[in-house]
Amino acid sequence: MIRSQVLICGGTGCTSSGSKVLIKEFEDRIEENGLSDEIKIVRTGCFGLCALGPVVIVYPDGTFYSRVQKEDVAEIVSEHLLKGRIVDRLVYSDIDEKVKDEIQHVSLNDTNFYKSQKRVALRNCGVINPESIDEYIAMDGYAALGKALTEMTPDEVIQTIKDSGLRGRGGGGFPTGLKWSFTAKNEADQKYVVCNADEGDPGAFMDRSVLEGDPHCIVEAMAICGYATGASEGYIYVRAEYPIAVARLQKAIEDARAYGLLGKNIFDSGFDFDLFVRLGAGAFVCGEETALMTSIEGNRGEPRPRPPYPAVKGLFGKPTTENNVETFANVPQIILHGAEFFNSMGTEKSKGTKVFALGGKIHNTGLVEVPMGTTLREIVENIGGGIPNGKKFKAAQTGGPSGGCIPASMLDIEIDYDNLVSQGAMMGSGGLIVMDEDTCMVDIAKFFLEFTVDESCGKCTPCRVGTKRLYEILEKITSGNGTLEDLDMMEKLCHYIKDNSLCGLGQTAPNPVLSTYKRFREEYVAHVVDKKCPAGVCKKLLTISIEADKCKGCTACARVCPVGAISGTVRNPHSIDPAKCIKCGACMEKCKFGAIVKK
Amino acid sequence: MKSLAELAAIKEKMQSKVVLREGSGEIRVVVGMATCGIAAGARPVLSAFVEEVSNAGLADKVMVTQTGCIGVCQYEPVVEVFEAGKEKVTYVKMTAEKAKEVVEKHLKGGSVVEEYTITNV
């Protein structure tokens, strides 16, 4: 009889920080202590606190161990599992000592990181074994499909999704129910359902986590969508860079077929549905729906003009419904608990919850799911645990290379689709990159643009040539050669690219430039007029010098300088030759007297 | 899969295994499992609780867990029952048989088995 379970995260983050070794070690130690019949080890999907991996949770008490190393396992087994004494030094906690005294032991759910979250799309991630269809079923899995097929008509399913207010989680925020109804309306001999799992935004990994942690919910949701829209086949387009996700999806599909949850005559309803996985080679543009379908068809991944929209002429020229992973992940819960359950959360026009991949200059790097309308401040300061090293919050980038930045003055903005768009940012897939005062906004815009220049497929000129020219202007500005005319040209070019590009990639590529220019214009001006980078990032605008009155002449800096730019004699002030200096900053780290300054 | 009944059967079968992780536990049964407890025979007591709770169909209501030394080593194995809004009950000198009785009368029936509690030794 199992009395306790040890959940070990098997997501990509924790796997790379060594959770595989841990699983083996736990198995060995548990065996050694003769506990094999009492303790079960479960490899789960991502818990969300990737920065603290590898993560281990012991149930039923829910003790949350972080950064567990192989050497710690023997102690956890002999102390906690055998004798019931929690190994305090490994327990993660971000709550006050005072509160901590009141509760006997710290469970995951008591931490600030989890307390404010509301998990719908991620409800099973880190809870079930993603490779066990039985565990998914135990958590009400496939009950929504059963309900849809046996109790509801396709129209009722679509109406429920419409009433729930669910909008596309991939970025655009198009109402999902409406999208389904378009495909359902079109008559055809064959229709398709496509799941867009080509997650390409730098810093976003919520889709990967859902696929790794709860693959069956995508299988179930796609079958429900197939029933509602009249499709009998579905494709999941996932990046080949997500090997764990691919393997678990494939296992999930096989297991579902073996149980008859995919295939012919599901639940004896006469409904047939089957699923296939297609791997993408990692082109960012393939996350655009028409390019994605072109790629599934076996062609080079390039977008096609719309209309015709996929609902009319999509995959293989047939009516197709395409949704993002996170969108699908919400569907079974909506069908099971009704539209009310979902639309009671969120804001007026954005219902439900949203998953954000929290990254950048923040304590708790990881995945969080919060109701729509949660303020940025809550996410950054409370759930995210604030900015490390006592630095100040400067801005957050939402929506990756297609989105924009939200400055500190707008920390209290309630995050939903429309609020973000009105501020010149966008939801995007939910990447949230936090930047502190040491970040140069021009440099950040350049970084994102470099990404889109690389990823532009080249089919249309505004995007192919325009983004490249835009990048060159930014390059000019950050190297101190920019003029005020360049700034005007930059803004004009941004709007030109936005208005004339064929697909979403080009239409949104200038967003990081436009929004940083709008919010941090003074930084652009400082680069151009004063030839200074206020944040001290753009190397070509920096000079590193030694303040003679503080320098003791210890020679530490001269010894560490890789290019021999520092000269001076012992006990006399040193100096830096700006012509030789590569501004690596090695001397600054070495100086004990704070005599070296960067301006 | 031909019917909802089939699906429900799998759910039923699996639920006790994952319910552990939900930790809803309106009632918490804590077995003292320090060296003193183990030496006095806490292990079979713990196993008995886990098994009987499951057999009685109380798995979603009762959470069985262990703790370290409670401090009354001469009375081990010690088992404490916590229930929201009620005073905790401390059972002492427990055995697997007594555990079975506690599950039946206390956890299921709602009446404390006074003769095994610490106040009666």
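Remember, it's a predicted structure, so these values are computed and weren't measured experimentally.

Asker: I keep staring at the overall build of chain B and nothing clicks. Help me out?
Answerer: When its secondary structure is counted, chain B shows four helices and four strands. Going residue by residue from the N terminus, the α and β elements of chain B occur as α-β-α-α-β-β-β-α. Projecting the C-alpha coordinates of chain B onto the three principal axes gives extents of approximately 60 × 30 × 25 Å. Within chain B, the fraction of its 121 residues that count as buried is 41%. Restricting to contacts in chain B with at least 6 residues of sequence separation, those with at least 24 account for 68%.

Asker: Would you mind going over the overall build of chain A with me for this structure?
Answerer: When helices and strands are tallied, chain A shows 24 helices and 18 strands. The C-alpha radius of gyration computed for chain A amounts to 27 Å, which stays within 12% of the reference 25 Å derived for 599 residues, consistent with globular compactness. Projected onto its principal axes, the C-alpha coordinates of chain A cover approximately 90 × 65 × 40 Å. Counting all 599 residues of chain A, 53% fall into the buried class. Considering only contacts within chain A whose residues lie at least 6 apart along the sequence, 71% involve residues at least 24 apart.

Asker: How do you make sense of the interface of chain B and chain A when you look at a structure like this?
Answerer: Where interface size is given, it is often the accessible area lost as the parts come together that is meant. With 30 residues of chain B at the contact, the number on the chain A side is 28 residues. Contributing elements (two or more residues each) for the side of chain B that touches chain A: helix H1 (4–22), helix H2 (35–40), helix H3 (42–55) and strand E2 (62–67) of chain B. Looking at the side of chain B that touches chain A residue by residue, the classes come out as 14 nonpolar, 11 polar and five charged.

Asker: Just checking my understanding: could you explain helix H12 (residues 243–258) of chain A for this structure?
Answerer: Residue pairs spaced three or four apart in an α-helix point in one direction, given the helix's 3.6 residues per turn. All names here are of chain A. Between its first and last C-alpha, H12 extends 23 Å over 16 residues, near the 22 Å set by a 1.5 Å rise per residue. Of all the residues in H12, the buried ones are Ala245, Val246, Arg248, Leu249, Ala252, Ile253 and Ala256. Buried residues in H12 make contact with helix H6 (133–138), helix H10 (206–213), helix H11 (215–229), strand E6 (233–239) and strand E8 (271–280). Positive backbone phi, at 75°, marks Gly260, one or two positions downstream of H12.

Asker: Teacher, can you tell me more about the environment of A:Cys9 here?
Answerer: All names here are of chain A. Structurally, Cys9 can be placed in strand E1 (residues 4–9). Of the residues examined, Cys9 has 30 C-beta atoms within 10 Å and is grouped as buried. With 478 residues separating them along the chain, Cys9 and Leu487 place their C-alpha atoms 48 Å apart. Discounting chain neighbours no more than four positions away, the residues touching Cys9 are Cys14, Ser19, Thr44, Cys46, Phe47, Gly53, Pro54, Val55 and Gly126.

Asker: Honestly, the packing of helix H2 (residues 19–32) of chain A against helix H3 (residues 70–83) of chain A in this entry has me stumped. Any pointers?
Answerer: Relative orientation and spacing of two packed helices are given, respectively, by the angle between their axes and the distance between those axes. All names here are of chain A. In contact at an axis separation of 9 Å, H2 and H3 are set at 35° when each is read in the N-to-C sense. Seen from above, H2 lies across H3 with right-handed handedness. Together, Val21, Leu22, Glu25, Phe26, Arg29 and Ile30 of H2 and Lys70, Val73, Ala74 and Val77 of H3 make up the contact between the two elements. Residues belonging to the contact of H2 with H3 are distributed by class as follows: seven nonpolar, no polar and three charged.

Asker: Sorry, what's going on with the domain arrangement of chain A here?
Answerer: According to the domain assignment, chain A contains domain 1 (4–111), domain 2 (133–342), domain 3 (353–436), domain 4 (441–530) and domain 5 (543–598). On a C-alpha basis, the centres of domain 1 of chain A and domain 4 of chain A stand 46 Å from each other.

Asker: When you look at unusual backbone geometry in this model, what are you seeing that I'm missing?
Answerer: In terms of backbone geometry, most residues other than glycine have negative phi values and most peptide bonds are trans. Residues and elements named next belong to chain A. A cis geometry characterises the amide bond from Pro307 onward to Pro308, with omega recorded as 0°. The backbone of Asp140 sits at a positive phi, close to 70°, despite the residue not being glycine. Within the element layout of this structure, Asp140 appears in the loop between H6 and helix H7 (143–151). Despite not being glycine, Arg571 shows a phi value in the positive range, around 65°. Inspection of the secondary structure assignment puts Arg571 in the loop between strand E16 (566–567) and strand E17 (575–576).

Asker: Looking at this model, I keep getting lost on the sheet that holds E1(A). Mind explaining?
Answerer: All names here are of chain A. The four strands lie next to each other as E2-E1-E3-E4, forming an open sheet whose pairing is mixed. The open sheet has two edge strands, strand E2 (39–44) and strand E4 (63–65), and neither has a second partner. If you compare each strand with its neighbour and ignore which way they point, the axes differ by 20° on average. Where strand E3 (residues 56–59) lies against E4, three bridges are found, and the strand directions are antiparallel. When the bridges of E4 are listed, Val56 appears paired with Tyr65. Against the sheet, H2 engages E1, E2 and E3, with an angle of about 160° to E1.

Asker: So what exactly am I meant to see when it comes to the confidence of the model for chain B here?
Answerer: Note that predicted coordinates carrying low pLDDT should not be read in detail. All names here are of chain B. Per-residue pLDDT for chain B averages 83, and the proportion of residues at 70 or more is 90%. Across chain B, the secondary-structure element scoring lowest on mean pLDDT is H1, at 78, and the one scoring highest is helix H4 (residues 96–108), at 92. Here the prediction assigns the complex a pTM of 0.83, and the interface score ipTM is 0.74.

Asker: How do you make sense of helix H14 (residues 325–343) of chain A when you look at a structure like this?
Answerer: Residue and element names in this part refer to chain A. Along its 19 residues, H14 runs just 19 Å from first to last C-alpha, ending more than 12% under the 27 Å computed at 1.5 Å per residue. Roughly 120° is the biggest bend found in H14, and it falls at His337. Buried within H14 we find Val325, Glu326, Thr327, Phe328, Ala329, Asn330, Val331, Pro332, Gln333, Ile334, Ile335 and Phe342.

Asker: I would appreciate a short explanation of the nonpolar core in the present structure.
Answerer: In summary, soluble globular proteins display a tendency toward joint burial of nonpolar side chains. Residue and element names in this part refer to chain A. Val56, Ile218, Met222, Ile224 and Ala396 are the most contacted members of the largest nonpolar core, which totals 167 residues. In terms of residue count, H11 provides more of this core than any other element does, 10 residues in total. Dropping the residues within four chain positions of it, Ile218 is found in contact with Cys195, Val210, Leu211, Ile236, Val325, Phe328 and Ala329.

Asker: Could you clarify how one ought to interpret the pairing of E6(A) in this entry?
Answerer: Each regular strand shows side chains that alternate between the opposite faces of the sheet. All names here are of chain A. Among the seven residues that make up E6, six are buried, leaving the element largely enclosed by the rest of the structure. Pairing between strand E5 (residues 192–197) and E6: six bridges, direction parallel. Bridging from a neighbouring strand, Val194 pairs with Tyr235 of E6.

Asker: Got a minute to help me understand the packing of helix H8 (residues 154–164) of chain A against H14(A) in this structure?
Answerer: Residues and elements named next belong to chain A. Where H8 meets H14, the closest approach of the two axes is 8 Å, and the angle between their N-to-C directions is 45°. Considered as vectors, H8 and H14 are oriented oblique to each other. The two elements H8 and H14 cross, and the hand of that crossing is left-handed. Across from Val157, Thr160, Ile161, Asp163 and Ser164 in H8, the residues of H14 making contact are Val331, Ile334, Ile335, Gly338, Ala339, Phe342 and Asn343. Each residue belonging to the contact of H8 with H14 can be placed in one class, and the counts come to seven nonpolar, four polar and one charged.

Asker: Explain the environment of A:Lys251 here, please?
Answerer: Residues and elements named next belong to chain A. Tracing the backbone through its elements, the reader meets Lys251 in helix H12. For Lys251, a count of 16 C-beta atoms within 10 Å corresponds to the partly exposed category. A sequence separation of 118 residues divides Lys251 from Ile133, and the C-alpha atoms of the two residues are 9.3 Å apart.

What counts, and at which threshold
Residues numbered from 1 in each chain as written. Chains lettered and ligands numbered in written order. Predicted model: local features only at pLDDT ≥ 70, side-chain atom pairs only at ≥ 80, totals over all residues. Helix = DSSP H or I, 4+ residues; strand = E, 2+ residues; numbered from the N terminus. Buried ≥ 20, exposed ≤ 12 C-beta atoms within 10 Å, placed from the backbone. Contact = placed C-beta atoms within 7 Å. Rg over C-alpha atoms; globule rule 2.2 N^0.38 Å. Nonpolar A, V, L, I, M, F, W, Y, C, P; charged D, E, K, R; others polar. Expected span 1.5 Å × (residues − 1). Axes fitted to C-alpha atoms, helices over the stretch in contact; angles between N-to-C directions. Left-handed = near helix turned anticlockwise from the far one by under 90°. Domains from an automatic or database assignment. Pairing = 2+ DSSP bridges. pLDDT = per-residue confidence, 0-100. Bend = angle between axes of the 7 residues up to and from the residue. Core = buried A, V, L, I, M, F, W, Y, C linked by C-beta atoms within 7 Å. Parallel < 35°, antiparallel > 145°, perpendicular 65-115°, else oblique.

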